[in-house]
Amino acid sequence: MIILLKLFCLKMNNFGIINKIFDSIVEIIGLKNAKYGEMILFSNNIKGIVFSLNINNVHVVILNNYEKLHQGEKCYCSNNIFQIPINDKLIGRIINSRGEIIDQKKKIEINNYFKIEKIAPGVMDRESVNEPLMTGIKSIDLMIPIGKGQRELIIGDRQTGKTTIAIDIIINQNNKNIICIYVCIGQKISSLINVINKLKKFNCLKYSIIVCATAADSAVEQYIAPYSGCTIGEYFRDKGYNCLIIYDDLTKHAWAYRQISLLLKRPPGREAYPGDVFYLHSKLLERSSKVNNFFLKKNFKIDVKNSSLTAFPIIETLEGDVSSFIPTNVISITDGQIFLDSNLFNSNIRPAINVGLSVSRVGGAAQYKIIKKLSGEIRIMLAQYRELEAFSKFSSDLDNDTKNQLEKGEKISILMKQSQNNVYNEYELIIILLIIKNIFFKKIKTSQVEYFEKIIINYFRKFKIKKLLTINDFNLEEKINNLLNLFFFKSL
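Residues numbered from 1 in each chain as written. Predicted model: local features only at pLDDT ≥ 70, side-chain atom pairs only at ≥ 80, totals over all residues. Heavy atoms only, no water.

A.B. asks: Would you take a moment to explain the overall build of the protein for this structure?
C.D. replies: Along the backbone of the protein there are 17 helices and 17 strands. Relative to the 2.2 N^0.38 estimate, which gives 23 Å for 492 residues, the radius of gyration of the protein is 26 Å and therefore close to what a compact globule would have. With respect to the three principal axes, the spread of C-alpha positions in the protein is 85 × 50 × 45 Å. Burial statistics for the protein: of 492 residues in total, 55% are counted as buried. For the protein, long-range pairs separated by at least 24 residues make up 73% of all intrachain contacts whose partners lie at least 6 apart in sequence. About 23,100 Å² of surface is accessible on the protein, with carbon and sulfur atoms providing 53% of the total. The averaged location of the 47 negative side-chain charges in the protein is 6 Å from the averaged location of its 66 positive side-chain charges. (Helix = DSSP H or I, 4+ residues; strand = E, 2+ residues; numbered from the N terminus. Rg over C-alpha atoms; globule rule 2.2 N^0.38 Å. Buried < 20%, exposed > 50% of the residue type's maximum accessible area, 1.4 Å probe, protein only. Contact = heavy atoms within 4.5 Å. Areas by Shrake-Rupley, 256 points an atom, 1.4 Å probe, with all protein chains shown as cover. Lys, Arg positive; Asp, Glu negative; His and termini not counted. Charge placed at Lys NZ, Arg CZ, Asp CG, Glu CD.)

The structure is reproduced here in structure tokens:
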């Protein structure tokens, strides 16, 4: 097949000669019919992607080991944008950015190939984001609600728990018919192994796919990894599934693109990034959406109400500076951000979510009605508590109202704490909200709040409240409140 393709390319005068080889980049003379992003075929089954079209030559970035190539060799156009193999058997597997399976399990043969570069669904093909995607993290689901098809940025300094939040979100999708894709971009191999072990421990691989391009891989592999992951997500979305994709992280993706661009001698702009770095992430994140029934029927002959691809890009900041180039770019593209504060993290408030700087632009539209009703005041109370706490340090004489507000704010802040991998379902979130509103909450000492919350949640988990109630029950609040009052009466 490859021989016939080469003969066809020769006949069409669609071949080139290698002129220079440097740092995973090949300069080729010829390839008159080459297109940007097209896959180029070399000897020894080596592949490359057209990255730069010049008057006298073409620059191609190499995906495999470029050391096997030699000056003067021929290469050929494939007439195809770079593609990766995808089918349903990828679930539970670990693949590289080229779509090759790299885990130790049984090899599978995939004959369906899909382009990694696609145009995002248009406005008429999209559905409004109105269905909640529960993360299992109290402070996010109550104050920064996320909907299926949304793009929510996770942003913060190094070692503030960004990946931990992402993994907890995947853990919470167990038995919810959601396909999860974790894309590792430029992370250490040891960090990737920790993520894989965590997903195995909580039996998450049965609905997850891991796409990895670690720091040991080339800049080119790191560059194409998120696009490959997004194409896999779109494949399952277009089959009627709800999908979730995590890009960990896009800062390193921008670094990889900057490295390639500087090697190609493209003019550097702000922070040495090329001028099109904004488009780099916008064309990726715009592909995440909730598509409507008309789009699925027209293009894929599937009759389902809607399906979605929800994105959680991760961005690393330096000393909390959200005004630097890449963070501001991605903030402007996404539908909100979860900001992790290193000061909160160091104060043992984890997850270290800064409620004042975090926002969801979808908001209450993607929240259960009862949670929306009960959680309305929580965010304001926490924000006010943070301000009052800072102010109270400068004053020793505080009135009783201020003291009560500080005490309640501190209790709520403690309630929002959450240990790693301990996710909460929607009924447990309602319990937390009703605890705050309950009159017994005032009687609990601040030092005992965490202990009481643990006992209450464990009690209701053993009680298996989820099987007894439905989220749309008109009397749900009253039923849970009665159970809560009964528990407090027995305890106190």
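A.B. asks: Looking at this model, I keep getting lost on empty space enclosed by the protein. Mind explaining?
C.D. replies: The method is simple in principle: a probe with the dimensions of a water molecule rolls over the atoms, and the space it marks as empty is what remains. Following the criterion strictly, the structure yields two cavities of 30 Å³ or more and no others. Estimates place the volume of the largest cavity at around 80 Å³. In terms of lining, the largest cavity is formed by S139, M143, I349, R350, P351, I353, V355, L382, R386, S413, M416 and K417. Secondary-structure elements contributing two or more residues to the lining of the largest cavity are α2 (138–143) and α12 (378–392). (1 Å grid on protein atoms, 1.4 Å probe; cavity = no way out; pocket = protein on both sides within 12 Å on 5 of 7 lines; lining within 4 Å. Points joined across faces, edges and corners; volume = space filled by probe spheres on them.)

A.B. asks: Could you clarify how one ought to interpret the packing of aromatic side chains in this entry?
C.D. replies: Given two aromatic rings, their pairing is described by the distance between the two centres and the angle made by the two planes. Summed over all chains, the structure comprises twelve aromatic pairs. When the centroid spacing of 5.3 Å and the interplanar angle of 80° are considered together, the rings of Y459 and F460 count as edge-to-face. On the basis of relative accessible area, Y459 is assigned to the partly exposed category, the value being 34%. Using a relative accessible area of 1% as the deciding quantity, one classes F460 as buried. These aromatic residues form a ring-pair network of at least three members: Y36, F51, Y223, Y227 and Y257. It is R350 that lies over the ring of F345; its NZ or CZ is 3.9 Å from the centre. Here R461 stacks its cationic end above the ring of Y424, 5.1 Å away from the centre of that ring. (Phe/Tyr/Trp six-rings, centres within 6.5 Å; stacked < 30°, edge-to-face > 60°. Lys NZ or Arg CZ within 6 Å of the ring centre and 35° of its normal.)

A.B. asks: What is the right way to look at the sheet that holds strand β5 (residues 58–62) in this model?
C.D. replies: Sheet strands associate in pairs through backbone hydrogen bonding, adopting either a parallel or an antiparallel arrangement. Read once around its circumference, the closed barrel built from six strands follows the order β1-β2-β5-β4-β3-β6, with strand pairing classed as antiparallel. Neighbour-to-neighbour, the strand axes of the sheet open up by a mean angle of 45°, direction not taken into account. Two elements, strand β2 (residues 25–30) and β5, share four bridges in a ladder whose sense is antiparallel. Residue pairing in the sheet places I25 in a bridge with V61 of β5. (Pairing = 2+ DSSP bridges. Axes fitted to C-alpha atoms, helices over the stretch in contact; angles between N-to-C directions.)

A.B. asks: Please explain the layout of surface pockets as it appears in this structure.
C.D. replies: Computed from the structure, the largest pocket encloses a volume of approximately 1,200 Å³. Lining the largest pocket we find 45 residues, and of these G161, K162, T163, T164 and Q420 sit closest to its centre. Sorting the residues of the lining of the largest pocket by element identifies α3 (162–171), β11 (178–185), α4 (189–201), β15 (306–317) and α15 (449–463) as the ones contributing at least two each. Residue composition of the lining of the largest pocket, grouped by class: 13 nonpolar, 16 polar and 16 charged. (Nonpolar A, V, L, I, M, F, W, Y, C, P; charged D, E, K, R; others polar.)

A.B. asks: Looking at this structure, I do not really get the pattern of salt bridges. What am I missing?
C.D. replies: Here the idea is simple: oppositely charged side chains can pair when their charged atoms come close. Scanning the model with the defined rule gives 22 salt bridges in all. In this structure, the salt-bridge partner of E131 is K148, at a minimum N-O distance of 3.1 Å. Residue E131 is located in the loop between β9 (113–115) and α2, and its partner K148 is located in the loop between α2 and β10 (153–157); the two are separated by 17 residues in the primary sequence. Residue classification places E131 among the partly exposed residues on the basis of a relative accessible area of 26%. (Salt bridge = Lys/Arg side-chain N within 4 Å of Asp/Glu carboxyl O.)

A.B. asks: Hey, could you run me through the pairing of strand β1 (residues 15–22) in this one?
C.D. replies: Along any regular strand the residues' side chains alternate between the sheet's two faces. Summarising the sheet, β1 and strand β6 (residues 74–81) pair through three bridges and their orientation is antiparallel. The residue of β6 that forms the bridge with I17 is K74. Pairing of β1 with β2 involves six bridges; the strand directions are antiparallel. The residue bridging I21 from the neighbouring strand is V26, located in β2. The turn joining β1 and β2, which pair antiparallel and follow one another in sequence, is formed by two residues; a positive phi near 45° is taken by D23.

A.B. asks: In this structure, what is going on with the side chain of R237? I would like to understand it.
C.D. replies: Note that R237 resides in helix α5 (residues 219–237). Using a relative accessible area of 2% as the deciding quantity, one classes R237 as buried. Excluding anything up to four places from it in sequence, R237 contacts P121, C243, R287, S289, V291, F295, L296, S307, S308 and L309.

A.B. asks: What is the right way to read the packing of α5 against helix α6 (residues 250–263) from this model?
C.D. replies: Running from amino to carboxyl end, α5 crosses α6 at an angle of 130°, the nearest separation of the two axes being 8 Å. As summarised for this structure, α5 and α6 are arranged oblique, according to the angle between their axes. Considering the relative orientation of α5 and α6, their crossing is left-handed. Note on element contacts: α6 touches α5 through K252, H253, A256, Y257, Q259 and I260, opposite A219, V220, Q222, Y223, P226 and Y227. Here the contact of α5 with α6 is built from residues that sort into eight nonpolar, three polar and one charged. (Parallel < 35°, antiparallel > 145°, perpendicular 65-115°, else oblique. Left-handed = near helix turned anticlockwise from the far one by under 90°.)

A.B. asks: How do you make sense of the environment of N33 when you look at a structure like this?
C.D. replies: On the secondary structure map, N33 appears in the loop between β2 and β3 (38–41). A C-alpha to C-alpha distance of 66 Å links N33 and E453, two positions 420 residues apart in sequence.

A.B. asks: Sorry, what's going on with the pairing of strand β16 (residues 336–340) here?
C.D. replies: Within β16, five of the five residues are buried, which leaves the element mostly enclosed by the surrounding structure. Neither face of β16 is open: one carries G336, I338 and L340, the other Q337 and F339, and all of them are buried. In the sheet, β10 pairs with β16 via four bridges, with the strands oriented parallel. Considered in β16, the bridge of I155 is made with F339.

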